[in-house]
Amino acid sequence: MEFDCLPPDLHAGLIAVGEAAQGLREPWWIFGGAAMALYGLTDLHVPDIDVLCARRDAPVLLDALGGHLALDPGEGLFRSAVFGRAPDQPLLVEVMAELETRDGAEWRPAAFTTRRRIVLDEVDLFVPDIRDHIALYRLFGRPKDLVRVEQLERLIA
């Protein structure tokens, strides 16, 4: 797969994440707009790199990225057992563990069941399968997530 269309800050940020994640003990994923760019979508703005990993790996990844734990901004729709930011990377990296989304009065796990390896400049990156990502966006259900569902569905059509 060719990644010539990635903006330089996203490209450098993804490499930083992949290198920092090499020592993680459990599976991890890049998701959100950064994953969509890795799937090949080019007509989107990616403001940050979202990473979902295991609870015990999140502080390790944040430390390797020069980041810090933070209060989960919890928009009311999401919450994360561990949340942190690495703002000094080429692109802001947000690390989450045990992500949940509100479904009415209940909280439901927001997780992936698939993992796809992508190699960028000889660095391993992992994203969910596109269909798994679509399911997550449907679960979130915000207008911008439903737009992303349409974009991803067109990509696999």
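A brief structural summary. (Residues numbered from 1 in each chain as written. Predicted model: local features only at pLDDT ≥ 70, side-chain atom pairs only at ≥ 80, totals over all residues. Heavy atoms only, no water.)

So, on to unusual backbone geometry. At D121, a position not held by glycine, the phi torsion is positive, near 50°. Of note, D121 is situated in the loop between β7 (116-120) and β8 (123-127). (Helix = DSSP H or I, 4+ residues; strand = E, 2+ residues; numbered from the N terminus.)

Turning to the pairing of β7, a few remarks are in order. Relative to β8, β7 is paired through five bridges, and the arrangement is antiparallel. Each bridged residue has a counterpart across the sheet, and for R117 the counterpart in β8 is F126. Adjacent in sequence and paired antiparallel, β7 and β8 are bridged by two residues, among which D121 carries a positive phi angle near 50°. (Pairing = 2+ DSSP bridges.)

Inspection of the secondary structure assignment puts D57 in the loop between β2 (49-53) and α3 (58-64). There is a polar contact of 3.2 Å between the side chain of D57 and the backbone nitrogen of R25. When near neighbours in sequence (up to four residues on either side) are disregarded, D57 contacts L24, R25 and E26. (Polar contact = N/O pair within 3.5 Å; in protein donor to acceptor, adjacent residues only side chain to side chain. Contact = heavy atoms within 4.5 Å.)

Another point: the pattern of salt bridges. All told, the structure shown has eight salt bridges when counted by the stated rule. Between D145 and R142 there is a salt bridge, with the nearest N and O atoms lying 2.7 Å from each other. Look at D145 and you get buried, because its relative accessible area is 0%. (Salt bridge = Lys/Arg side-chain N within 4 Å of Asp/Glu carboxyl O. Buried < 20%, exposed > 50% of the residue type's maximum accessible area, 1.4 Å probe, protein only.)

On to the packing of helix α4 (residues 130-140) against helix α5 (residues 143-156), then. Where α4 meets α5, the axes come as close as 8 Å, and the angle between the chain directions of the two elements is 160°. Put simply, α4 runs roughly antiparallel to α5. Here α4 and α5 pass one another in a crossing that is left-handed. Here I130, R131, H133, I134, Y137, R138 and F140 of α4 lie close against α5, whose contacting residues are D145, R148, V149, L152, E153, L155 and I156. A class-by-class count of the residues in the contact of α4 with α5 yields eight nonpolar, one polar and five charged. (Axes fitted to C-alpha atoms, helices over the stretch in contact; angles between N-to-C directions. Parallel < 35°, antiparallel > 145°, perpendicular 65-115°, else oblique. Left-handed = near helix turned anticlockwise from the far one by under 90°. Nonpolar A, V, L, I, M, F, W, Y, C, P; charged D, E, K, R; others polar.)

Coordinates in, geometry out; function isn't part of it.
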